[in-house]
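# Fold and geometry: a report
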Amino acid sequence: MKMLKTLTALAYLLITLAMSQIVNAQEIEVTIDRTEIARGETLTYTIRVFDQRQGMQLDLTPLTEDFDVLGTRTSSQIRSVNGAVESWTDYIVTLFPLNEGELTIPAIEINDSATDPVTITVVNEGPRSNQDSDELFLELEFNKETVYVQEQLLFTVRLYYTINGIRNPQFTELEMPNTVIQLIGSPNQYEKLIDGVRFGVYEKRYVIFPQRSGPLEFPDILFRGEVTDGSSNFVFRNLNTRRVTAFIEGTSVEVQERPLAVQNSEFWLPVSNLTMEETWNTDLSGLQIGDALVRTVTMVAEGLDGAVLPPFSDLAVEGLNVYPDPADVQRTFVEGAIVGTRVETTSIVPVQAGFIEIPEISIPWWNIDTNQLEATIVPATRLMVATIEGDAPAEQTIVTSENLAELLAAAPIVDQGMIDAQNEAEFIEVDASWLNYLIAAALAIVAISVYQLTIASRKKEIADYFRDRREALIQKYSPQNNEAVAFRQLKSKASGRDLNGLRETLINWCNHFVDSREIISMEDILQQKDSVELHEYAHGIQTALFNNDNSRSSAGDFDHAGFLKLISSLRRQKLQALKQCRQRDRFALPPLYKT
């Protein structure tokens, strides 16, 4: 009989555990608005948690492998049917697929349970958006379908829109191997009339230099942004927004190798035009030994960055001392195309008389418009240098058979008499002590005049001004008017044992931190809903303060470290949210139509 009772109890326990598992399995449901979507569209993923008593934070990190989480919101409901009350909370997540094909929405851990994985299919249906195609679409543009290695390729992506208030525009970043990519200036915004409809245009332009031959694959371009209807929630002060997306399939451009004519050439400059200009700082006629000349050669290439242009004025001419300056390299954009400039400046001093020839400069380059090899030439320059009768210039080369080391090691001969004579000839002593007294007296008169005219007659006004400024600064940095000062005082009190001081500083800081209501007492903190995490510690402070048994032991029981960690975390989260809000306002697109 005893054995039978034991088996009955064990069976009841097993049935209870099984029923508990069934109930737990039914506490969470997941749904999606559709199982097949087009590339560039968004998906609504809903997690329903039954009989939830309080809010919780979901870890959506597993979703970020194949999706972008564009937004989240919650919805709680209660339903009564025939006396049976049922309640649940929906966590609604907007997902943006990053790839095509079959994708799996992974399981999410919630309250020691996990959701079921969900499989969806993403198909490519061409350029599209989650709005009407007449309201929002993308366009890609290339200046050429085929380019040479290291040739300039101009790429433009444009967003056309007719909906107002697009904020936080984001495009797929161009990241392609074996390429040099530069964004041309800032994005352009303008309007364009298409078939009688006025569109706003948001345009980004790039210049790309492929470094390897073969097909250059461009990625799919995705656009994501937000649209606001202009209304806002009064309590939370947030604009009502919705996500908008657009998608256009990537393409490829063929990159050709160098032509056979320049396969082994030292220079490879694929440009549409290359010019060179030589200038001198003085007239070249009538030169003498020791004269200083400055030669400037400027190269301008249409279609290459100035940083890749080769050096070209390396002179080594007998009879000339040459002193080159560092090259000046520049890059500009003209009508959307890159123009590179390299300027080389050289100082030249003739040290030998007679005819001296500076050789020509010849730079070969490939004309991408005509597909021909061309060359830009700076002609040779002949200098006629005359001698200076009776004087040997400092720059003239003197041939000597003496040992150079001995000449440098010899001590210089100093003629002190000659130095004294030069000093006496160049300087005249003047007794200027009376001038110093005169300057000092003038400064004293000016100082007394300024004091009498501006300060003495307005002493009271100046004193009142400084007193007002001091009081304004005190008010500005008081804990009642400055959140940062109030937070520092709260942190200081939270590290000690003074619960009364902690209570006062907490009320003062919460009055800055909580936006939904004015905080003047601990009861206000317990009633606010912005940060419910503070309720536990507010109860702890109140309990410790009004505990009649032993106030010292109660103060010791209060979790000061946990409280300090919580308030620091809450403040950091709010400051980050304010920073993101300011960034959204800064980078918001202006409305297409003025109202």
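Residues numbered from 1 in each chain as written. Predicted model: local features only at pLDDT ≥ 70, side-chain atom pairs only at ≥ 80, totals over all residues. Heavy atoms only, no water.

## With respect to the overall build of the protein chain
When helices and strands are tallied, the protein chain shows 11 helices and 32 strands. When the 595 residues of the protein chain are sorted by exposure, 34% land in the buried category. Looking at the protein chain alone, contacts between residues at least 24 apart form 68% of all its contacts between residues at least 6 apart. For the protein chain, the computed accessible surface area is about 37300 Å², with 51% contributed by carbon and sulfur atoms. (Helix = DSSP H or I, 4+ residues; strand = E, 2+ residues; numbered from the N terminus. Buried < 20%, exposed > 50% of the residue type's maximum accessible area, 1.4 Å probe, protein only. Contact = heavy atoms within 4.5 Å. Areas by Shrake-Rupley, 256 points an atom, 1.4 Å probe, with all protein chains shown as cover.)

## Describing the side chain of T115
Of note, T115 is situated in the loop between β8 (113-114) and β9 (118-123). When its relative accessible area of 5% is taken as the criterion, T115 is described as buried. Only 2.8 Å separates the side chain of T115 from the backbone nitrogen of I108, close enough to count as a polar contact. Excluding its chain neighbours within four sequence positions, the residues that come into contact with T115 are I28, V30, Y45, I47, P106, A107, I108 and I110. (Polar contact = N/O pair within 3.5 Å; in protein donor to acceptor, adjacent residues only side chain to side chain.)

## Points about the packing of helix α6 (residues 483-494) against helix α7 (residues 499-513)
At their nearest, the axes of α6 and α7 sit 9 Å apart, and the two run at 150° to each other. Between α6 and α7, the interaxial angle falls into the category roughly antiparallel. Once α6 is placed against α7, the crossing between them reads as left-handed. Side by side, α6 and α7 meet where E483, A486, F487, Q489, L490, K493 and A494 of the first sit next to G501, L502, T505, L506, N508, W509 and H512 of the second. Taken together, the residues that form the contact of α6 with α7 break down as 7 nonpolar, 5 polar and 2 charged. (Axes fitted to C-alpha atoms, helices over the stretch in contact; angles between N-to-C directions. Parallel < 35°, antiparallel > 145°, perpendicular 65-115°, else oblique. Left-handed = near helix turned anticlockwise from the far one by under 90°. Nonpolar A, V, L, I, M, F, W, Y, C, P; charged D, E, K, R; others polar.)

## Some points on the side chain of R158
Along the chain, the position of R158 falls in strand β13 (residues 153-161). For R158, a relative accessible area of 11% puts it in the buried group. Side chain to side chain, R158 and E141 meet in a polar contact 2.9 Å long. Polar side-chain contacts of R158 include one of 2.6 Å to the side chain of E203. When neighbours within four sequence positions are excluded, R158 is seen to be in contact with F137, L138, E139, E141, Y190, V201, Y202 and E203.

## Considerations on the packing of α7 against helix α9 (residues 534-545)
At a closest axis distance of 10 Å, the pairing of α7 and α9 adopts a crossing angle of 145°. Seen from above, α7 lies across α9 with left-handed handedness. Every residue of α9 that contacts α7 at L499, N500, L502, R503, L506 and C510 is listed here: L534, I541, Q542, A544 and L545. Each residue belonging to the contact of α7 with α9 can be placed in one class, and the counts come to 8 nonpolar, 2 polar and 1 charged.

## A short note on the pattern of salt bridges
If you walk through the whole model with that rule in mind, you get 17 salt bridges. Measuring nitrogen to oxygen at the nearest pair gives 1.9 Å for the salt bridge that ties R224 to D68. On the criterion of sequence distance, the pair formed by R224 in strand β19 (residues 221-233) and D68 in strand β4 (residues 67-81) is long-range, its members being 156 residues apart. Take R224: its relative accessible area is 17%, and that puts it in the buried class. Note on D68: relative accessible area 21%, which makes it partly exposed. With a closest N to O distance of 3.1 Å, K460 and D464 form a salt bridge. Taken together, the residues span about one helical turn, with K460 and D464 both in helix α5 (residues 459-476) at a distance of 4 residues. (Salt bridge = Lys/Arg side-chain N within 4 Å of Asp/Glu carboxyl O.)

## Structural notes on the nonpolar core
Counting residues in each nonpolar core, the largest one holds 27 residues, and the members touching the most others are L136, L138, L159, F171, I208, F218 and F223. At the level of secondary structure, the elements contributing two or more residues to this core comprise β11 (136-142), β13, β14 (166-171), β17 (197-210), β19, β20 (238-248) and β21 (252-256). A total of 5 residues in this core trace back to one element, the largest contributor, which is β13. With sequence-adjacent residues up to four places away left out, F171 is seen in contact with L138, V157, L159, Y202, K204, I221, L222 and F223. Within the second largest apolar cluster, 26 residues are counted, among which are L526, L534, Y537 and L566. (Core = buried A, V, L, I, M, F, W, Y, C linked by side-chain atoms within 4.5 Å.)

## Points about α7
Between its terminal C-alpha atoms α7 stretches 20 Å, which fits the 21 Å expected from 15 residues at 1.5 Å a residue. Restricting attention to buried positions, one finds in α7 the residues L499, G501, L502, T505, L506, I507, N508, W509, C510 and F513. At the N-terminal end of α7, a side-chain oxygen is found 3.4 Å from the backbone nitrogen of N500, two or three residues along, and the residue is D498. (Expected span 1.5 Å × (residues − 1).)

## Thoughts on the sheet that holds strand β1 (residues 28-32)
If you trace the 4 strands from one edge of the open sheet to the other, you get β1-β3-β5-β4, paired in antiparallel fashion. Edge strands, defined here as strands with exactly one partner in the open sheet, are β1 and β4. Going across the sheet, the axis of each strand differs from the next one's by a mean of 20°, ignoring polarity. In this sheet, strand β3 (residues 43-50) lies alongside β1 in antiparallel orientation, the contact comprising 5 bridges. Within β3, the residue paired with I32 across the bridge is Y45. (Pairing = 2+ DSSP bridges.)

## Examining a nonpolar patch on the surface
Together, W434, L435, L438, I439 and L443 line one region of the surface with nonpolar side chains, adding up to about 530 Å² of accessible area. Position of W434 among the secondary structure elements: in helix α4 (residues 433-455). (Patch = residues over 30% accessible without salt bridge, like charges linked within 9 Å, V, L, I, M, F, W, Y side chains within 5 Å.)

## Some thoughts on the sheet that holds β9
Here we have 3 strands laid out as an open sheet, ordered β2-β9-β6, and mixed in their pairing. Two strands lie at the open edges of the sheet, namely β2 (36-38) and β6 (101-105), each paired on one side alone. Strand-to-strand twist across the sheet, computed as the mean angle between neighbouring axes with direction ignored, equals 35°. In the sheet, β2 pairs with β9 via 3 bridges, with the strands oriented parallel. Counted as the bridge partner of I37 is V122 from β9.

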